[in-house]
Amino acid sequence: MTAIGTLDFGSRSLASRSQRSVLAVFAVTMFTSALLLFGIQPLFAKLVLPRVGGSPAVWSVALVFFQTMLLLGYAYAHLLTRSFSSRVGVVIHVSVIVAGLLFLPIMYPSGFEEAPQSGLALWLLALFAVGVGFPFFIISANAPLLQYWFSRSGHPHSIDPYFLYGASNLGSFSALLLYPFVMEPLLGLDAHTEIWSWGYSVLAVLVGACGVLMIRLAWQFHEQPATVDDAPSTAIEPATETGIPGWAIRLRWICLSLVPSGLLVSVTVSITTDVAAAPFLWVAPLALFLLTFVLTFQRVRSIRHRTVLTLHSAITAPMIVLLFIGWNHISMVAMHLAVFFVSAMVCHGELVARRPKARHLTEFYLYMSVGGVLGGLFASLIAPQIFNQVLEYPILLVLVFFCRGDVVAALGRLDWRDLWPAGLLISGAFGLWLTKNGGDQNADLLAGVPIMIALLIATRKRALAQLFVVSLSILLGFSIVSRFEILDRQRSFFGVISVSALDRDGLYHLLMHGTTLHGAEQRADAAGGELSGRPEPLTYFYMSGPLAVAVKQLRAASGTLSDVALIGVGTGAMACHREPGERWRFYEIDPDIMRVARDTRYFRFLSECGESAGVVIGDGRISLTHEPDGKFDVIVLDAFSSDTVPAHLLTREALALYFAKMKPNGAIVLHISNRHMDLAPIVAALANDQNATAFVNAKDDQAWSVDKENLRFSSRVAVVARDRQRLSRLAADNRWEPLVAEPGARPWTDNYSNILGAIYRKLTAGD
């Protein structure tokens, strides 16, 4: 046995009790620290959403901030262990934690009342730094620092203290599970913040206890735990002769952390773009990310790494094909999460296998954090600048293969058995290229899925061949993915927008945001003749659709509409529902949407129908605060981020603002179509809370003359007013039905929302 295993605690029973106590105190402290560290992330993100808008990119920037703070915390921990004695390090760290009490409670900082129109990412980073930077920084240092202290404690397990990192991530995972199932649906932000502050105070006491334990044991045993450096390393790649990891292994630590970190951002953006820009959905990928650390840092693995590698090969290729098809059913969320989880397990499994001896523990975590920051920066800030579509996601999925030890080893011994699948796929891609002008490209892609799966099964023992299969699947997707001619594509902080041309009994221009069609205009007839004059609104905005009818009937009920506010521009189609003499004003958060809508090469709605309409660039809710009270007759809410209505626009505070900016008999028209959430009960609860009356259009495609072939789509529209008489025409129209709140229904607020409930209602409704 090593010296660590034979330390004399005075008696065998005393030794046993001391060992159990030491392990319990350190484990509880690390669990509590991680619980607070990851509990504060969705808390503060939700706190800032009403001020910054509902873009999925908000969370991408938040992740970069938190990863950067984690890096600084790990660097601070490394500095303490290398520059100060154990006793001095404990005094410094406990003092800094106590100083963090001065920054409580967590609240929205002053000086950040309104987001700027440019430089939003840097502004958000500053906001997070001022609001939550110091507490997050100091708590983040606990994970490596407490493990290092434990390695000096003389406990038998102190030879390999990395298992405590699994316990730490179990706390993080628990925090992220508590948020969507307890904190968000049951508690408001005020209660959540108070609980977090009390938790921080408890943590300060626990960290102090760990420090006292470590100092006491180090003094008692004359720093004998230092013999841990002589313990054998469990790393696959052993340290150098001097015991110091070389730059090759450090670079590998960085790369094995960079790829899953970049994937975390990419998969989060993919999910929130089509469901909701809300902390609940930001939490799910992050929770799985942490779960991979829990599973891979176990002393005894519950899932064999070889099993993970097999699953990784089988699941990645089908996912890539579905990405190119643009399939956006709710089940894709589960597919995204499954592929991400397996990919992160691959990278973190390889990372854990290359962990160094305990004396280099803080350095190991420091380089891990460097990789995490670089991955987050690439996916959230760099990729949107260099790619005009979301290419980083499939790229990172391929890079996971290069993180695999079996692939790296196979690169040095390539033979023909690794190449034949590539040849087969290239032949297939060439055949599809020859016939690409005919048939359904999505069907071609789907037909390739079983072929790729068969190739993956056939090459299951040849990792490099599987890499070729997946890589060439991406090239195959690029070769046939586009059904339409892309006229314009831009990527901004708010997502990817594209203008496409569709020839089908005439030439149509389509506006896509993410995977959702946001509007269309017919530009030429079937004979190719260019159309002129006032364009006809299509998709959700056609002349006999619910949105158009709601505006017409509100106009008829009062005789005229003098001032109308429209949150969300899209193609500008709603402008063609304006009557002469009416003053309409659009509010649009994305300048690129506004640029496309005004470009007459693509759409003519604004030029032909909205020449006198005003435009305000900025988040609609925030921009409305600058308007005088009692100004508008109608406010039309049609603000989408891909298929998402930003949650901060459907809260008690938001509805109260809309009513304040309207005349006493004003009405709100809300476009609440959504593939994944049933938003009607939320509007009903809000209307009931504001003592207002609400109607929603009936789900009868025949009554609304829905015609998908001619781009007239079904939609769900709710109308809310405090003056019931204003909705008299809707009440008399059997195509509209009262929207009544369920007994005890709780309205969403800036402090409370229940995204999970809205998704569940949509799934169980079966529509």
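Not measured: the values here are computed from a predicted model.

Student: Where do I start with a nonpolar patch on the surface in this structure?
Tutor: Together, Leu177, Leu178, Phe181, Val182 and Leu186 give the surface a local cluster of nonpolar side chains, amounting to about 430 Å² of exposed area. Within the secondary structure, Val182 sits in helix α6 (residues 163-186).

Student: Could you clarify how one ought to interpret the nonpolar core in this entry?
Tutor: One broad rule of soluble globular proteins: the nonpolar side chains tend to lie buried together. The biggest cluster of nonpolar side chains holds 113 residues, and the ones touching the most others in it are Phe128, Trp149, Trp196 and Tyr365. In terms of residue count, the dominant contributor to this core is helix α2 (residues 57-83) (12 residues). Grouped together as the second largest cluster of nonpolar side chains are 52 residues, Val551, Ala573, Cys576 and Phe713 included.

Student: Where do I start with the sheet that holds strand β6 (residues 583-588) in this structure?
Tutor: As a general point, the strands of a sheet are linked pairwise by backbone hydrogen bonds and lie either parallel or antiparallel. Strand order across the open sheet formed by 8 strands is β7-β6-β5-β8-β9-β11-β10-β12, with mixed pairing between neighbours. In this open sheet, the two edge strands, each paired with only one partner strand, are β7 (614-617) and β12 (736-738). The mean angle between the axes of side-by-side strands here comes to 20°, regardless of whether they run parallel or antiparallel. Judged from the 4 bridges that link them, strand β10 (residues 693-697) and strand β11 (residues 717-721) form a sheet pairing that is antiparallel. When the bridges of β11 are listed, Phe695 appears paired with Val719. The sheet contacts of helix α18 (residues 546-558) involve β6, β8 (632-637), β9 (662-671), β10, β11 and β12, and relative to β9 the element is tilted by about 170°.

Student: I would appreciate a short explanation of the sheet that holds strand β2 (residues 495-503) in the present structure.
Tutor: What the 4 strands build is an open sheet, ordered β1-β2-β3-β4; its pairing is antiparallel. Bordering the open sheet on either side are β1 (485-492) and β4 (516-524), each of which pairs with just one other strand. Between one strand axis and the next, the sheet turns by 15° as a mean value, whatever way the strands run.

Student: Sorry if this is basic, but what is going on with the pattern of salt bridges here?
Tutor: Where charged atoms of side chains with opposite charge meet at close range, the side chains can pair. Following the criterion strictly, the structure yields 18 salt bridges and no others. Between Arg712 and Glu536 there is a salt bridge, with the nearest N and O atoms lying 2.5 Å from each other. Highlighted residues: Arg712 in the loop between β10 and β11 and Glu536 in the loop between β4 and α18, separated in sequence by 176 residues. With a relative accessible area of 21%, Arg712 lands in the partly exposed category. Its relative accessible area of 38% is what places Glu536 among the partly exposed residues. The salt bridge partner of Arg604 is Glu608, with a shortest N-O separation of 3.8 Å. Look at Arg604 and you get buried, because its relative accessible area is 10%.

Student: Mind showing me how you'd approach the packing of aromatic side chains here?
Tutor: What characterises a pair of aromatic rings is the spacing of the ring centres plus the angle enclosed by the ring planes. A complete count under the given rule lists 20 aromatic pairs for this structure. Aromatic pair Phe66 and Phe128: ring centres 5.7 Å apart, planes at 90°, arrangement edge-to-face. Here the residue Phe66 occupies a position in helix α2, and Phe128 occupies one in helix α4 (residues 120-140), the gap between them amounting to 62 residues. Judged by its relative accessible area of 3%, Phe66 is buried. For Phe128, a relative accessible area of 0% puts it in the buried group. For the ring pair Phe134 and Phe137, a centre distance of 6.3 Å and an interplane angle of 50° mean the geometry is tilted.

Calculation rules
- Residues numbered from 1 in each chain as written.
- Predicted model: local features only at pLDDT ≥ 70, side-chain atom pairs only at ≥ 80, totals over all residues.
- Heavy atoms only, no water.
- Patch = residues over 30% accessible without salt bridge, like charges linked within 9 Å, V, L, I, M, F, W, Y side chains within 5 Å.
- Areas by Shrake-Rupley, 256 points an atom, 1.4 Å probe, with all protein chains shown as cover.
- Salt bridge = Lys/Arg side-chain N within 4 Å of Asp/Glu carboxyl O.
- Helix = DSSP H or I, 4+ residues; strand = E, 2+ residues; numbered from the N terminus.
- Core = buried A, V, L, I, M, F, W, Y, C linked by side-chain atoms within 4.5 Å.
- Buried < 20%, exposed > 50% of the residue type's maximum accessible area, 1.4 Å probe, protein only.
- Pairing = 2+ DSSP bridges.
- Axes fitted to C-alpha atoms, helices over the stretch in contact; angles between N-to-C directions.
- Contact = heavy atoms within 4.5 Å.
- Phe/Tyr/Trp six-rings, centres within 6.5 Å; stacked < 30°, edge-to-face > 60°.

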